[in-house]
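So the chains spell out like this:
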Amino acid sequence: MISTQTTTPIARVTNKLSSNALKLDPDRLFPVDGAKRQIARRLYESVKSLPIISPHGHTDPKWFADNQSFTNASELILTPDHYVLRMLYSQGISLEQLGVKPRGGKASEDPRESWRLFAQNYYLFRGTPSHLWLNTVFFEIFGMTVKFNANTADLYYDTITEALQTEAFRPRSILDTFNVEFIATTEGATNTLSHHDKIIREGWGHRVVTTFRPDDVLDPDHHGFKNNIERIGDLTGHDSLSWTGYLAALRERRAYFKARGATATDHGHPSPATRNFSNTEAESLFQKCLAGDATASECEDFRGHMLTEMAKMSLDDGLVMQLHPGSCRNHNQALFEAFGADKGADIPKRVSYTEHLKPLLDVVGNDTNFKLILFTLDESNYARELAPLAGHYPCLLLGPPWWFHDSPEGMIRFRSQVTETAGFYNTAGFNDDTRALLSIPARHDLARRMDCRFLAELVSEGRIDQDDADEIIQDLSINLVRRAYKLPQSATAKVSAAE
Amino acid sequence: MISTQTTTPIARVTNKLSSNALKLDPDRLFPVDGAKRQIARRLYESVKSLPIISPHGHTDPKWFADNQSFTNASELILTPDHYVLRMLYSQGISLEQLGVKPRGGKASEDPRESWRLFAQNYYLFRGTPSHLWLNTVFFEIFGMTVKFNANTADLYYDTITEALQTEAFRPRSILDTFNVEFIATTEGATNTLSHHDKIIREGWGHRVVTTFRPDDVLDPDHHGFKNNIERIGDLTGHDSLSWTGYLAALRERRAYFKARGATATDHGHPSPATRNFSNTEAESLFQKCLAGDATASECEDFRGHMLTEMAKMSLDDGLVMQLHPGSCRNHNQALFEAFGADKGADIPKRVSYTEHLKPLLDVVGNDTNFKLILFTLDESNYARELAPLAGHYPCLLLGPPWWFHDSPEGMIRFRSQVTETAGFYNTAGFNDDTRALLSIPARHDLARRMDCRFLAELVSEGRIDQDDADEIIQDLSINLVRRAYKLPQSATAKVSAAE
Amino acid sequence: MISTQTTTPIARVTNKLSSNALKLDPDRLFPVDGAKRQIARRLYESVKSLPIISPHGHTDPKWFADNQSFTNASELILTPDHYVLRMLYSQGISLEQLGVKPRGGKASEDPRESWRLFAQNYYLFRGTPSHLWLNTVFFEIFGMTVKFNANTADLYYDTITEALQTEAFRPRSILDTFNVEFIATTEGATNTLSHHDKIIREGWGHRVVTTFRPDDVLDPDHHGFKNNIERIGDLTGHDSLSWTGYLAALRERRAYFKARGATATDHGHPSPATRNFSNTEAESLFQKCLAGDATASECEDFRGHMLTEMAKMSLDDGLVMQLHPGSCRNHNQALFEAFGADKGADIPKRVSYTEHLKPLLDVVGNDTNFKLILFTLDESNYARELAPLAGHYPCLLLGPPWWFHDSPEGMIRFRSQVTETAGFYNTAGFNDDTRALLSIPARHDLARRMDCRFLAELVSEGRIDQDDADEIIQDLSINLVRRAYKLPQSATAKVSAAE
């Protein structure tokens with residue numbers, strides 16, 4: 001079903017037209033106009049060296065627990081990055097060729113061969129954030145000075161693979177080098193957090209924490225829903241197949257995560273629908289879902305009701321709630337069957353927040369002790385629904401541009417469509433949301449540059465003054481994220497964020 | 001239910017980082033590029049002093065009827081402004097603290113204390129149009145030269161409150177000072193217009209008129225729907241509980257408003273849905289709505305049918321019809337119960353026009369004597385539906401960016417998404433849509449600046465020439481609004497608008 | 001029903017305010033900033049003279065078959081252009097006045113009088129792409145040096161009408177003058193392609209080809225659906241009223257078009273809905289549609305299923321599939337009844353792709369031999385659905401900004417919302433999609449200028465480098481369209497596109 005035949009590429013005559021030098025413009029992403037550029041530069045100088053706070057991401061905690069070296073360039077940079085896989089796949093390159101293992105099988109391709117294919121097709125990424133992130137990684141981290149293409153594939157592969165064997169490139173050293181003050185991983189409700197326990201034992205618990213992501217026990221459409229619920233029953237000693245036992249088990253799992261440093265939960269639902277049923281109705285729905293008798297609409301009802309239950313628990317235990325809705329996961333059925341999830345085949349769909357969030361907000365929306373950070377893949381909601389909601393409800397904050405929109409243009413759309421109604425202070429700072437470890441500084445740097453650019457535009461057009469911009473850039477770069485995720489203040493911060 | 005506890009604010013170190021001078025850049029909002037800025041300046045010079053035409057707003061006619069002085073800074077600038085209330089509330093400040101009276105209660109807060117809280121949190125508004133409008137009011141109207149913050153709260157409060165006691169700040173003097181040539185208020189169908197009668201008796205009837213807003217008798221979901229219908233029966237002598245009597249009463253109420261200067265009606269429906277039922281069907285639906293037996297869908301049907309009835313009446317009496325759809329009013333149930341409507345808790349939702357307007361357009365869409373001005377909170381319709389509709393149907397005009405989108409970025413989106421399909425001449429000029437009296441000149445000035453900016457971009461990129469831009473800016477600033485709302489030409493206009 | 005009364009125009013005082021010179025800025029549409037402008041100019045120099053490839057349009061093949069002169073300015077430039085008709089109609093000018101024939105009637109207006117009305121109201125088009133295209137036609141093709149308005153109407157009419165009688169303005173000469181290397185027309189499934197046969201006989205078959213547009217036999221809501229199906233039965237000798245005969249007839253008609261040069265099919269459905277029924281279900285649905293018993297939803301099902309059938313046939317015969325969904329055709333019922341289709345009364349509506357395309361993609365989405373080019377009138381899909389889909393599925397390409405969005409701002413939105421997720425290489429180059437023959441070079445020139453502008457922004461902000469931009473502009477201007485539509489490589493291309 002999955003073709004391995006590539007489409008005919010546009011013939012690239014790199015040697016004729018392109019010089020080979022890889023350069024990074026120190027003013028990249030800033031406005032070009034002289035006056036604006038000066039303002040952007042000045043703002044950037046004040047934040048470029050601030051520590052990285054990464055409160056929502058998908059790095060593997062095993063890396064930081066075991067602190068083993070990574071193997072080679074492909075296995076770190078190419079094969080796990082669904083942004084990269086999706087683009088190459090869209091041009092007819094098979095996932096096997098890129099080193100992805102089929103379900104129950106082995107990778108059939110030599111990692112160096114996969115890397116060469118990547119290099120040969122790197123021109124496809126021009127104009128994408130992956131191109132910006134990767135060029136930054138190549139130039140700043142590995143010191144490459146020639147462009148990445150078919151001619152330089154082996155040079156890149158060897159340089160990177162060798163570097164990865166050095167002490168400086170062990171996972172914990174990377175966090176030091178990158179000045180990562182705080183990073184959160186994401187684990188499911190059944191996870192025993194053994195990696196995090198090891199991280200804590202070895203003294204890194206203040207920098208690397210987990211996040212509670214209970215989709216696997218809240219979503220009746222999740223593969224293994226009932227088994228997972230039984231599993232949290234086993235883990236907690238509650239009768240999780242009863243409604244009250246299920247809620248108790250969830251509460252206890254939350255506490256378990258919180259005890260290991262988690263400050264937040266995360267919810268990846270198909271839509272932002274929330275519900276608020278009576279206890280009796282909810283119990284009956286729960287049993288129907290467990291029995292596998294729930295319709296698609298009842299599954300949606302159950303997920304929606306459980307968001308409200310999670311919100312109420314957040315009010316009790318103080319965990320910040322994050323909602324990431326609107327991705328149609330595993331849209332490519334054949335690819336999913338062959339290779340599993342997270343291979344670049346998730347496609348956003350239209351969602352709405354105004355009516356969907358109302359049941360939850362009717363319960364906890366006015367409580368200033370509750371915090372819900374909203375994300376979207378449907379940008380039509382920025383100005384229409386999200387900014388008005390966050391610009392009114394005390395509990396709501398807007399997360400940064402997410403996934404496909406974590407990009408220069410995505411950031412311009414976010415700030416220009418959100419700020420006028422929600423201001424800067426109903427937003428939650430930047431998230432990198434990535435499993436691509438090496439790209440983390442590049443992503444934060446890109447976000448800081450884009451914020452400097454946005455503020456420079458406002459200042460140069462007389463919409464805010466320079467003193468205000470000086471404060472705002474500090475807040476956007478470090479204070480808002482600390483406040484949103486209830487993180488301790490660091491001594492390195494210039495402006496204090498109360499907690 | 002409504003918490004009064006504030007969230008921990010970002011600690012603001014205003015004294016360290018910020019200078020205290022309040023300045024307004026005379027070139028604010030213009031393009032920064034030198035050539036573009038020159039063009040924008042020249043265009044702006046030609047319109048900055050034109051009179052203000054304000055054909056759609058929510059100022060209180062009592063002000064102009066009685067011409068009494070306003071009391072203090074808080075009661076004029078803070079407490080009635082739902083843009084300001086919503087932002088402060090979003091950060092955990094209660095409405096009581098801001099001087100808002102609970103239903104059936106009294107304001108519990110001293111107005112000066114509310115003002116201080118506003119000042120202390122004024123940094124939240126950075127990047128919002130409220131910040132631009134208010135700074136303009138502070139600087140230009142009250143001559144403030146230091147920034148508004150915790151340190152200057154009392155200075156501001158005292159300066160403004162004292163000024164308000166002078167003759168120059170009585171409501172009618174304000175209209176003179178602001179060069180307001182025409183301003184329309186908005187009244188419900190049961191209103192006897194006694195303030196407007198007084199305004200007319202005292203010779204201000206050509207400058208201050210009413211607008212007929214019959215939502216209270218067209219919307220079965222409106223609190224008091226049946227009572228209001230009985231009331232217009234009493235006022236007109238028609239049996240308004242019968243279908244024919246209801247229509248007759250509506251016609252007579254429209255005539256009553258028109259006789260007092262109204263040139264327009266206004267309709268604030270949840271959606272732009274229109275219907276065109278037979279007389280028999282409509283009568284049956286009306287009786288069902290009166291009896292309180294209508295489903296949500298039937299209420300929507302009734303509202304939709306009544307828009308078509310209103311359109312037909314407009315064809316007869318010449319009143320221009322305005323449609324403001326898509327706000328989910330009083331989204332925050334607890335807040336609404338505690339404080340009532342218009343407290344910053346209305347949230348837009350997704351709407352559609354193409355299919356929703358068709359029944360009405362099938363009846364009156366090709367009649368050049370009918371005018372319907374469309375507004376939206378769902379900007380995804382600008383390029384997709386509204387510009388194509390207004391760029392075809394003779395009866396349609398597009399109103400300016402509305403509410404949350406009455407802002408610099410909102411105006412850029414409007415012009416850039418509407419103009420290429422609908423041109424400039426299917427738009428209706430600017431509306432301030434505000435109850436914030438003092439901000440009216442700032443709002444019109446902002447709109448004129450943004451239009452100058454947009455035209456300067458087009459000229460500098462060779463998309464229109466300078467002579468055309470010179471004409472267009474006059475049309476956008478004064479001619480189009482006069483034509484759209486059927487207002488008399490003023491001697492001050494340079495270019496004649498026929499009517 | 002259709003009023004012929006015009007609305008009162010804004011009085012234009014052209015003679016006072018406007019100079020009369022018509023000029024085209026050689027740098028039009030480029031960025032104004034000096035550094036950016038230099039980059040844009042350099043890129044433009046490298047592509048401005050490349051041949052025109054027009055793989056999707058609506059010119060009349062009779063023009064190229066018979067090569068007769070056009071009659072007059074109105075009949076070529078005004079009356080057939082629905083962009084122009086719609087704007088004039090929106091301001092109260094009747095279609096009769098513009099020379100449009102009512103159904104079964106004759107044009108009642110003298111073409112010169114229609115032209116004068118057009119000239120008098122030409123100011124309405126300021127800020128629209130029609131204004132840019134027409135000014136380019138007037139200046140570059142007819143050498144006009146004064147602006148088009150009431151005073152110059154006759155000069156324009158006479159100059160253009162006389163030029164059209166010369167040899168240089170016969171249709172085939174126009175293709176030579178315009179450097180059109182390839183142009184596709186669009187014909188329905190029942191068309192015998194006699195014009196194309198003549199074109200082939202006369203040696204122009206390599207430059208002018210047809211496109212297979214079977215809406216008339218796939219859409220049960222199409223007027224004459226059953227008759228058309230009977231007709232393709234007659235043409236092919238298959239029993240087209242049986243399900244298998246219908247499919248066989250479709251296959252044969254596709255082969256007939258392909259044999260006359262077609263490389264693509266085109267589908268203008270109300271929505272992008274696709275379905276994948278079993279053969280038995282499809283057969284039953286087909287018979288219901290033929291019998292006229294299908295509900296609206298079943299008609300949508302049938303259209304959706306037939307898209308999947310078309311995709312499967314494309315896999316067999318190699319025709320590239322194009323999908324143009326989301327136009328609510330003939331929205332103005334009275335106008336449609338009076339004048340028929342394509343009079344400027346088609347209005348876009350909201351559509352979705354993620355869920356709608358899934359059934360088709362589940363069947364052919366991973367096959368690299370299948371190509372589906374997607375278009376949209378609902379731009380909210382660019383970043384949310386279309387770029388993620390095209391950035392993953394090997395079969396998908398994105399067509400250029402379409403119809404209302406074929407404009408400078410539409411192109412900025414397209415590139416800025418699509419590129420970061422889909423890159424440049426999942427797009428299909430430019431289409432002019434027009435029946436306005438003379439505007440073709442202006443449209444391609446505008447698209448090339450906008451691409452140069454977009455790339456100049458990226459280069460100047462350090463987001464791509466100059467060498468990459470040099471390659472990309474060639475690809476956007478000529479290589480991508482050749483690859484997408486499977487066209488032969490031309491000797492004039494600098495960079496080879498394999499096929």
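Bear in mind the structure is a predicted one, so any value in this text is a computation, not a measurement. (Residues numbered from 1 in each chain as written. Chains lettered and ligands numbered in written order. Predicted model: local features only at pLDDT ≥ 70, side-chain atom pairs only at ≥ 80, totals over all residues.)

(A) How the structure looks around the overall build of chain A. Counting its secondary structure elements, chain A contains 21 helices and 11 strands. For 499 residues, the compact-globule estimate of 2.2 N^0.38 gives 23 Å, and chain A sits close to it at 23 Å. Along the longest, intermediate and shortest principal axes, the C-alpha atoms of chain A span 70 × 60 × 45 Å. Out of the 499 residues in chain A, the part that is buried amounts to 58%. (Helix = DSSP H or I, 4+ residues; strand = E, 2+ residues; numbered from the N terminus. Rg over C-alpha atoms; globule rule 2.2 N^0.38 Å. Buried ≥ 20, exposed ≤ 12 C-beta atoms within 10 Å, placed from the backbone.)

(B) Broad picture of the relation of the copies chain B and chain A. Superposing chain B onto chain A takes a rotation of 120° combined with a translation of 0.0 Å along the rotation axis, leaving an RMSD of 0.0 Å. Both copies of the chain, as the preceding transformation shows, are related through a three-fold rotation axis. Of the residues that chain B buries at the interface, just 4% are likewise interface residues in chain A, meaning the two copies contact each other through different surfaces. (Least-squares fit on C-alpha atoms with pLDDT ≥ 70 in both. Contact = placed C-beta atoms within 7 Å.)

(C) Structural view of the interface of chain B and chain C. Chain B puts 51 residues into the contact, and the matching count from chain C is 54 residues. Residue assignment for the side of chain B that touches chain C shows that the elements contributing at least two residues are α2 (34-45), α17 (358-364), α18 (381-390), α19 (408-422), α20 (440-460) and α21 (466-484) of chain B. In terms of residue count, α21 of chain B provides more of the side of chain B that touches chain C than any other element does, 8 residues in total. When its residues are assigned to classes, the side of chain B that touches chain C shows 15 nonpolar, 18 polar and 18 charged. (Nonpolar A, V, L, I, M, F, W, Y, C, P; charged D, E, K, R; others polar.)

(D) Spotlight on the domain arrangement of chain A. All names here are of chain A. Taken domain by domain, chain A consists of domain 1 (70-169) and domain 2 (171-484). A separation of 29 Å is found between the C-alpha centroids of domain 1 and domain 2. Listed as interface residues are 21 residues of domain 1 and, on the opposing side, 19 residues of domain 2. Where the side of domain 1 that touches domain 2 is concerned, the elements lending two or more residues are α4 (73-78), α5 (82-90) and α7 (129-141). Ranked by the residues each element gives to the side of domain 1 that touches domain 2, the list is headed by α7, at 6 residues. Considering only residue class, the side of domain 1 that touches domain 2 consists of 15 nonpolar, 2 polar and 4 charged. (Domains from an automatic or database assignment.)

(E) Looking closely at the relation of the copies chain B and chain C. When chain B is brought onto chain C, the operation consists of a screw motion whose angular component is 120° and whose axial shift is 0.0 Å, with 0.0 Å RMSD remaining. Here only 4% of the contact residues of chain B are again contact residues in chain C; the copies associate through non-equivalent surfaces.

(F) Just the pairing of strand β7 (residues 320-323) of chain B, in detail. Residues and elements named next belong to chain B. In β7, alternate side chains face the same way, and those of Val-320 and Gln-322 on one face and Met-321 and Leu-323 on the other are all buried. Strand direction decides the pairing type here: strand β6 (residues 264-267) and β7, joined by 4 bridges, are parallel. Following the sheet pairing, His-267 is matched in β7 by Leu-323. Here 3 bridges tie β7 to strand β10 (residues 372-374), and the two strands are oriented parallel to one another. Looking at the pairing, Leu-323 lines up with Leu-374 of β10. (Pairing = 2+ DSSP bridges.)

(G) Fine view of unusual backbone geometry. Residues and elements named next belong to chain B. Notably, Asn-67 is not glycine yet its phi reads approximately 55°, a positive angle. Looking at the secondary structure, you find Asn-67 in the loop between α3 (61-66) and α4 (73-78). Note on Asn-67: 16 C-beta atoms within 10 Å, which makes it partly exposed. Phi is positive for Asp-342, close to 60°, though the residue is something other than glycine. Tracing the chain through its elements places Asp-342 in the loop between α16 (333-339) and β9 (347-348).

(H) Geometry of the sheet that holds strand β2 (residues 180-184) of chain C. All names here are of chain C. A sheet is described by the order of its strands in space; here 3 strands give the open sequence β1-β2-β4, paired in parallel fashion. Single-partner strands in this sheet number two, and they are β1 (52-54) and β4 (208-209). For β2 and β4, the ladder comprises 2 bridges, and the chain directions are parallel. Bridged to Ala-184 within β4 is Val-209.

(I) Representation of the interface of chain B and chain A within the structure. Each side of the interface is counted separately: chain B has 54 residues, and chain A has 51 residues. Of all elements in the fold, only α5 (82-90), α7 (129-141), α16, β9 and α19 of chain B reach the threshold of two or more residues within the side of chain B that touches chain A. Counting residues per element, the side of chain B that touches chain A draws most heavily on α5 of chain B, at 4 residues. Residue composition of the side of chain B that touches chain A, grouped by class: 23 nonpolar, 20 polar and 11 charged.

(J) Fine view of the sheet that holds strand β1 (residues 52-54) of chain A. Residues and elements named next belong to chain A. One open sheet holds the 3 strands; their spatial order is β1-β2-β4, and the pairing between them is parallel. If you trace the sheet from one side to the other, it starts and ends with β1 and β4 (208-209), each paired once. Judged from the 3 bridges that link them, β1 and strand β2 (residues 180-184) form a sheet pairing that is parallel. Pairing of Ile-53 across the sheet is with Phe-182, part of β2.

(K) How the structure looks around the environment of Lys-349 of chain A. Within the fold, Lys-349 of chain A resides in the loop between β9 (347-348) and α17 (358-364). Classification of Lys-349 of chain A by C-beta neighbours within 10 Å gives buried; the count is 22. It is 6.5 Å that separates the C-alpha atoms of Lys-349 of chain A and Cys-328 of chain A, two residues lying 21 residues apart in sequence. What Lys-349 of chain A contacts, discounting residues up to four positions off in sequence, is Gly-326 and Cys-328 of chain A together with Ser-352, Thr-354, Glu-355 and Glu-385 of chain C.

(L) Spotlight on the packing of helix α6 (residues 111-120) of chain A against helix α8 (residues 153-164) of chain A. Residues and elements named next belong to chain A. Look at α6 against α8: their axes get within 9 Å of each other, and the N-to-C directions meet at 125°. Taken together, the axes of α6 and α8 lie oblique to each other. Crossing handedness for the pair α6 and α8: right-handed. Contact with α6, carried on its side by Arg-112, Trp-115, Arg-116 and Ala-119, involves Ala-153, Tyr-156 and Tyr-157 of α8 and no other residues of that element. Of the residues in the contact of α6 with α8, the class split is 5 nonpolar, no polar and 2 charged. (Axes fitted to C-alpha atoms, helices over the stretch in contact; angles between N-to-C directions. Parallel < 35°, antiparallel > 145°, perpendicular 65-115°, else oblique. Left-handed = near helix turned anticlockwise from the far one by under 90°.)

(M) Expanded view of α8 of chain A. Residues and elements named next belong to chain A. With 12 residues, α8 should cover 16 Å at 1.5 Å per step; its first-to-last C-alpha distance of 17 Å lies within 8% of that length. Within the span of α8, buried status applies to Ala-153, Tyr-156, Tyr-157, Ile-160 and Leu-164. The arc that holds every buried residue of α8, seen down its axis, measures 95°, which confines them to one face. Buried residues along α8 sit in contact with α4 and α6. (Expected span 1.5 Å × (residues − 1). Arc of directions from axis to C-beta.)

(N) Broad picture of the environment of Trp-204 of chain C. All names here are of chain C. By the element assignment, Trp-204 lies in the loop between α10 (194-201) and β4. A sequence separation of 32 residues divides Trp-204 from Arg-172, and the C-alpha atoms of the two residues are 8.9 Å apart. In this structure, Trp-204 is in contact with Phe-64, Arg-172 and Ile-199, ignoring residues within four places of it in sequence.

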